[in-house]
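Coordinate analysis (summary)
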Amino acid sequence: MMAQEHVVPMWKRIFRGAVWTGGTIFAAMALVLLILLPVSADKERAAEKRWADAGLPISDFAKKYPVQEDSHEALALEAEALQLGFSLRSTGSNIVSRENANAWNSIREALNDYLRILESPEPPLAWPPEALARFLSSNGATISDLRERLNRATPLWKMDVGKGYAFPIPNLLGQFDLAKLLSADCLAARAGGDNDRALKDADAIWRLSDGLVQRPELISQLIAIAIRKTDLAELRTLQDAPSVWSDRLTSWNPRKNLETSYQHEASMMNDSFKALRLGTPYGQCPSWKDRVMAPFSLIYARFCVAGVENIFLDSLRHMQETDICSRDEVFQRIGELDEKEIPRWNVIAKVGVPNLTDAWLRVKYLRIQIELTQKVLELKATRSANGAWPVQVPGIEKSFCPQEHWTYTVMPDGTMSIAYSGTPPGEKVVKGFRPPQEYEEGPPANAK
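Residues numbered from 1 in each chain as written. Predicted model: local features only at pLDDT ≥ 70, side-chain atom pairs only at ≥ 80, totals over all residues. Heavy atoms only, no water.

On to the side chain of asparagine 139, then. Checked against the element boundaries, asparagine 139 lands in the loop between helix 4 (130-138) and helix 5 (140-152). Here asparagine 139 falls in the buried class, since its relative accessible area comes to 13%. Apart from residues no more than four positions distant in its own chain, asparagine 139 is found in contact with Gln83 and Leu84. (Helix = DSSP H or I, 4+ residues; strand = E, 2+ residues; numbered from the N terminus. Buried < 20%, exposed > 50% of the residue type's maximum accessible area, 1.4 Å probe, protein only. Contact = heavy atoms within 4.5 Å.)

Right, dumping it as structure tokens:
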């Protein structure tokens with residue numbers, strides 16, 4: 001009689017198959033990790049080395065910026081801004097009362113319209129609209145306190161660069177609102193013949209923006225540029241500007257600040273995505289799924305971030321190697337080429353790389369505004385000394401762009417004009433407030 005064939009139960013076969021399959025998958029995952037973890041680490045180190053070789057190290061960037069809390073001046077400004085209807089703090093207990101917020105919102109449109117008189121080559125002496133004039137008058141004491149506080153010291157805001165994307169930034173829109181309000185007060189003081197108050201307003205705006213210029217984040221630099229662009233336009237209309245303005249305009253280097261901001265952006269990504277966790281909100285304990293996926297998410301993050309850091313550095317180098325006086329289309333073409341270099345799988349780069357071309361073009365046209373303001377202040381200093389606009393000024397035609405020039409003219413009626421030869425930026429390049437690239441002013445009031 002033949003021996004009865006041994007039959008393996010179905011459940012055992014399923015179990016063995018599952019064990020074999022699971023073991024194979026585990027071994028494959030382990031092999032992938034064994035290969036890709038060191039490769040991804042090498043990619044990360046190579047990207048960091050490229051930045052270090054370029055003289056812009058990102059691995060210890062945060063050490064350049066000590067942790068700081070809100071200064072006394074910043075806290076005082078926050079309290080006073082609440083009375084005006086807006087907040088200077090992004091988070092926390094700075095809650096604006098409904099009454100103050102409504103009062104502020106009711107004049108915002110009139111405020112923006114009033115500042116547009118600075119878009120004229122010869123800004124008129126114009127009083128603010130009635131609603132804005134009432135707001136300035138009813139809040140005169142608070143605005144005066146703000147002005148005097150800023151004239152004394154630059155406010156410094158909480159900063160902890162080591163926290164990466166979780167680090168605190170001030171309410172930048174609130175800062176912009178405060179700057180615009182002081183600009184409106186400056187124009188109102190100018191219309192009323194109070195040049196001293198107008199100069200103090202301009203000084204207060206500059207000091208307010210200086211607290212942002214000292215910060216490394218890109219968005220703070222862009223807001224500072226927007227604030228100072230208006231400040232320069234109104235400064236040109238004032239008389240007897242003190243010599244400190246010459247030093248300020250000479251020492252401010254927005255291009256260098258942008259380079260530091262790109263370095264900061266790369267450093268933030270480098271620090272923030274090293275411990276990337278999928279599915280678990282920032283600050284919470286990782287779930288079991290995240291614990292299992294952690295090595296794989298780390299590999300993906302390393303490859304992505306190394307790619308982002310290389311894209312940042314390549315874009316920065318392309319911009320540095322491009323003449324700042326090049327046509328806008330040249331910068332835009334470079335930006336488009338850099339964007340095409342981002343592979344589809346690099347989601348972090350697709351989302352996290354900002355438009356560097358726009359920032360660079362803002363600096364290009366800001367340089368024109370700085371140069372125009374410097375020339376106007378020099379002409380006004382000569383007029384104050386001699387009692388009339390100089391007929392000729394050697395070298396005034398020269399520009400930082402060798403292919404462009406300035407045309408200075410004194411008309412028979414004593415009106416002075418100075419104009420830049422280059423084409424003004426298009427609306428897509430410079431959005432919002434658009435100061436002119438020329439300036440006109442009549443003869444001195446005491447001219448015969």
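Time to look at the state of the cysteines. Within the structure shown, the criterion is met by 1 disulfide. Each disulfide pairs two cysteine sulfurs, and for cysteine 325 the partner residue is cysteine 401, the sulfurs being separated by 1.9 Å. Between cysteine 325 and cysteine 401, the disulfide has an S-S torsion of -100° and is therefore left-handed. One end of the pair, cysteine 325, is in the loop between helix 11 (288-321) and helix 12 (328-340); the other, cysteine 401, is in the loop between helix 14 (356-386) and strand 1 (406-410), with 76 residues separating them in the sequence. For cysteine 401, a relative accessible area of 4% corresponds to the buried category. (Disulfide = S-S within 2.5 Å.)

Take the pairing of strand 3 (residues 438-441) next. Look at any regular strand and the pattern is simple: side chains alternate between the two faces of the sheet. Alternating positions in strand 3 separate cleanly, Tyr439 and Glu441 being buried on one face and Glu438 and Glu440 remaining unburied on the opposite face. Sheet topology note: the strand 2 (residues 416-420)/strand 3 ladder contains 4 bridges and is antiparallel. Among the inter-strand pairings, serine 417 is bridged to a residue of strand 3, identified as glutamate 440. (Pairing = 2+ DSSP bridges.)

The end-to-end C-alpha distance of helix 8 (residues 218-235), which contains 18 residues, comes to 25 Å, matching closely the 26 Å that a straight helix rising 1.5 Å per residue would cover. Taken across its 18 residues, helix 8 has 17 buried, putting it largely inside the fold. (Expected span 1.5 Å × (residues − 1).)

With that settled, the discussion passes to the packing of helix 9 (residues 244-251) against helix 14. Helix 14 packs onto helix 9 with a crossing angle of 155° between their chain directions and a minimal axis gap of 10 Å. It follows that helix 9 is roughly antiparallel to helix 14 by the angle criterion. In the crossing of helix 9 with helix 14, the sense of the turn from one axis to the other is left-handed. Residue-level contacts link Trp245, Leu249 and Thr250 of helix 9 to Ile370, Thr373, Gln374 and Leu377 of helix 14. Counted by class, the contact of helix 9 with helix 14 contains 4 nonpolar, 3 polar and no charged residues. (Axes fitted to C-alpha atoms, helices over the stretch in contact; angles between N-to-C directions. Parallel < 35°, antiparallel > 145°, perpendicular 65-115°, else oblique. Left-handed = near helix turned anticlockwise from the far one by under 90°. Nonpolar A, V, L, I, M, F, W, Y, C, P; charged D, E, K, R; others polar.)

With that out of the way, let us pick up a nonpolar patch on the surface. A contiguous nonpolar patch, built from Tyr300, Trp345, Val347 and Val351 and spanning about 420 Å² of accessible area, is present on the exposed surface. Examined against the element boundaries, valine 347 turns out to sit in helix 13 (residues 347-352). Using a relative accessible area of 48% as the deciding quantity, one classes valine 347 as partly exposed. (Patch = residues over 30% accessible without salt bridge, like charges linked within 9 Å, V, L, I, M, F, W, Y side chains within 5 Å. Areas by Shrake-Rupley, 256 points an atom, 1.4 Å probe, with all protein chains shown as cover. Salt bridge = Lys/Arg side-chain N within 4 Å of Asp/Glu carboxyl O.)

Shape is all these values report; function is a separate question.
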